[in-house]
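# Chains, contacts and geometry: an overview
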Amino acid sequence: MEKDWWKKSVVYQVYPQSFKDTTGSGMGDIKGIIEKLPYLADLGIDVIWLNPIYQSPLVDNGYDISDYFKINPEYGTMDDFKSLLEKAHFLGIKIIMDLVVNHTSDQHEWFKKSCESRDNEYSDFYIWKDPKEDGSAPTNWGSTFGGPAWEYVESRGQYYLHLFAKEQPDLNWEKPKVREAIYDMMKFWFELGIDGFRMDVISLISKRQDWPDAPEDAVYTKSYYIGASNGPRVHEFLHEMNQEVLSKYNTMTVGETANTNSDQAILYTDPEREELDMVFHFDHMHLDYGPYGKFSDIRFKMSDLRDVLTEWQCKLEGRGWNSLYWSNHDQPRAVTRFGNDTNYRVESAKMLGTLLHMMKGTPYIYQGEELGMRNVRFTSFDQYKDIETYGVKKEFEEKQLAEEYIKESIFLKSRDNARTPMPWNGSEMSGFGFTTGTPWIDFSPDNVWINVENCFADKNSVYYHYKELIRLRKELPVVVDGTYELINQTDSDVYGYIRILAKQKLVVICSFAENKVNYTLPIELKRSSAKLLLSNYHDTKKELDDLELRPYEAVIYLIEE
Ligand code: TEU
């Protein structure tokens, strides 16, 4: 099989507990994914990224692993997983799993033993530090989910580090035996036949050994970044992982690298460095961050989005590889955050798909994005389930922020927006085709009208637009291999770019305006001979010329000469 197959691939992210439940437990399961493989094959995707399905107490929905070698019985058995692998591969679909090795669950055997004493085999599998002179924690770092990043354990008279929940103790990557155990685990899954890994917070695995305090003005829940992101040995560790494991298989790897800029991304993804294939950056996710980080009721600016995406397209050209995403299980729904989820939900969802999927890199579709699913207006806070959301509510109440602000910023940014069950049909009686039981999290009330069945029945649905975008990627070499150039630098509502490969030139123009806008095309691009490949309006003019763009109109023209 060819190397770099992932450059031509479209990835679909399945959030297992919300995808399809076949047992009535209210939790999605592996058999449910198997049942829906034809749906994914029909969409045209090439790779499925599975969020963690390992044994876990589910404090952080599986990102707290208590046994790396076992499937969580909530999702099924190892035989179910082997069957999923076999059936997906038969359909030409690869499977990548989630590698969560910055931390484990506090219920992992390693951690239980590590807590027992300072001199057993697992004592320093985690990061233990003595209290400061005054008995306080080793550093002033905050945890992502609120509260300090250090937890005191009497039995050891020490604190342990947890950048996330206290139930997620950080592994000590300085210890060769920890790395060895992780590499052995990775080989186990590769030998089973998986095709790669998405690597959870992989930019955090190397900590500065001088343990600096964070500046007082750091956003508390990310104040660990100073000592734990893009750390001193992170590239050494990843190169070692590559040499010990990854290079021995024909794999795809994507690192989730919080707090990483485009220059640093080249260090992670330059093939010469033999580390990772690509990374998820957060620069476009941070465009609507405010004084409290992600949970701010601030809207992004399109010109900022254009600048950020252009920076990443150009910086990594010929030196690395981009991942392309709008959302995932940690982010709110794309059409709410970046589009217009009321009057122009379908148009803007299609526009966002067009903008992203014609760029250079590997596109990721988060389950439900292809339906144009939007944020969920829960009526009661109790409907939220996510540990991050509860942490934010507590933090904001302690800061005595206005109740309305807390409610709105949680509606806008809670991770639960993306975690409501996948709606296969519009019948609440049938659990929207997701479950015959009570779902682990409430359904979105939108499911009655936004669901797979309705999308199948509507030839103008977001689903068919995504299907077309995927088809264009497979048919036109310029999409995978072409270079990227921004068309306009000044326009505030329209994002236009071109992709160039030999005689093929793709012209992509996307409006972020809620009203009609006149768009003047640079004279050198005007062609009557150009071919309109795709639009989110059915009557877009065929010639490539100045355009009167309707709200959120997105067009793709092909010039061949
Ligand atoms: O997320 C990494 C991370 O930093 C998240 O906290 C993310 O920035 C935040 O949720 C945005 O609001 C990874 C996983 O994707 C996430 O689901 C886990 O909770 C986290 O790591 C810990 O494993």
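Higher on the page you've got the structure.
A brief report on the enclosed structure follows. (Residues numbered from 1 in each chain as written. Predicted model: local features only at pLDDT ≥ 70, side-chain atom pairs only at ≥ 80, totals over all residues. Heavy atoms only, no water.)

## Re helix α5 (residues 176–192)
Owing to its 3.6 residues per turn, the α-helix brings residues three or four apart onto one side. For the record, the criterion: Elements are defined by DSSP. Helices are runs of H or I of four residues or more, strands are runs of E of two residues or more, and each kind is numbered from the N terminus. Residue count minus one, scaled by 1.5 Å, sets the expected span of a helix. Working definition: with a 1.4 Å probe on protein chains only, accessible area under 20% of the residue-type maximum means buried, over 50% means exposed, and in between means partly exposed.
Over its 17 residues, α5 extends 25 Å from the first C-alpha to the last, a length consistent with the 24 Å expected when each residue adds 1.5 Å. Listed as buried for α5 are Val178, Arg179, Ala181, Ile182, Tyr183, Met185, Met186, Trp189 and Phe190. At the exit of α5 stands Gly193, carrying a positive phi of roughly 115°.

## Digging into the packing of aromatic side chains
Quick reminder of the rule: Each Phe, Tyr or Trp ring, with Trp reduced to its six-membered ring, pairs with another whose centre is within 6.5 Å; inter-plane angles below 30 degrees give stacked pairs, above 60 give edge-to-face pairs, and intermediate values give tilted ones. We call a charge positioned above a ring when the Lys NZ or Arg CZ atom is no farther than 6 Å from the ring centre and deviates by at most 35 degrees from the ring normal.
Inspection of the entire model under this criterion finds 49 aromatic pairs. In this structure an aromatic cluster arises from ring pairing among Tyr54, Tyr68, Phe69, Phe81, Trp110, Tyr122, Phe125, Phe188 and Trp189. The positively charged end of Lys36 is found above the aromatic ring belonging to Trp424, 4.2 Å away from the centroid. Here the basic side chain of Lys94 rests over the ring of Trp5, its NZ or CZ set 4.8 Å away from the ring centre.

## Focus on the sheet that holds strand β2 (residues 47–50)
Basically, it comes down to this: Any two strands between which DSSP finds at least two bridges are classified as paired.
The strand order across the open sheet built from eight strands is β11-β10-β9-β5-β2-β1-β13-β12, with neighbouring strands paired in parallel fashion. Two strands lie at the open edges of the sheet, namely β11 (278–280) and β12 (323–324), each paired on one side alone. The pairing of strand β1 (residues 11–14) with strand β13 (residues 362–366) spans three bridges and is parallel. For Val11, the partnering residue across the bridge sits in β13 and is Tyr364.

## Remarks on the sheet that holds strand β6 (residues 128–129)
Across the sheet, three strands lie side by side as β6-β8-β7; this open sheet has antiparallel pairing. Bordering the open sheet on either side are β6 and β7 (150–153), each of which pairs with just one other strand. Of the strand pairs in this sheet, β7 and strand β8 (residues 158–161) are connected by four bridges, and their pairing is antiparallel. Each bridged residue has a counterpart across the sheet, and for Val153 the counterpart in β8 is Gln158.

## Re the site of the ligand
To be explicit about the condition: Nearness here has a simple test: a residue counts as near a molecule or strand if at least one of its heavy atoms is within 4 Å of that partner. Any pair of N or O atoms that falls within 3.5 Å is considered a polar contact. Within protein, one atom must be able to donate a hydrogen and the other to accept it, and sequence-neighbouring residues count only if both atoms are side-chain atoms. All accessible areas in this document rest on Shrake-Rupley with a 1.4 Å probe, and a residue is counted as covered only by the protein chains that are shown. Any residue outside Ala, Val, Leu, Ile, Met, Phe, Trp, Tyr, Cys, Pro, Asp, Glu, Lys and Arg is labelled polar, Gly included; the first ten of those are nonpolar and the last four are charged.
As a matter of local geometry, the ligand sits amid 20 residues, with Asp60, Asp200, Lys294, Asp330 and Glu388 nearest to it. With respect to the ligand, the side chain of Asp330 contributes an N or O atom lying 2.4 Å from an oxygen atom. Contact with the protein chains hides 98% of the accessible area of the ligand, taken as 490 Å² for the molecule alone. A breakdown of the residues in the shell around the ligand according to their chemical character gives five nonpolar, five polar and 10 charged.

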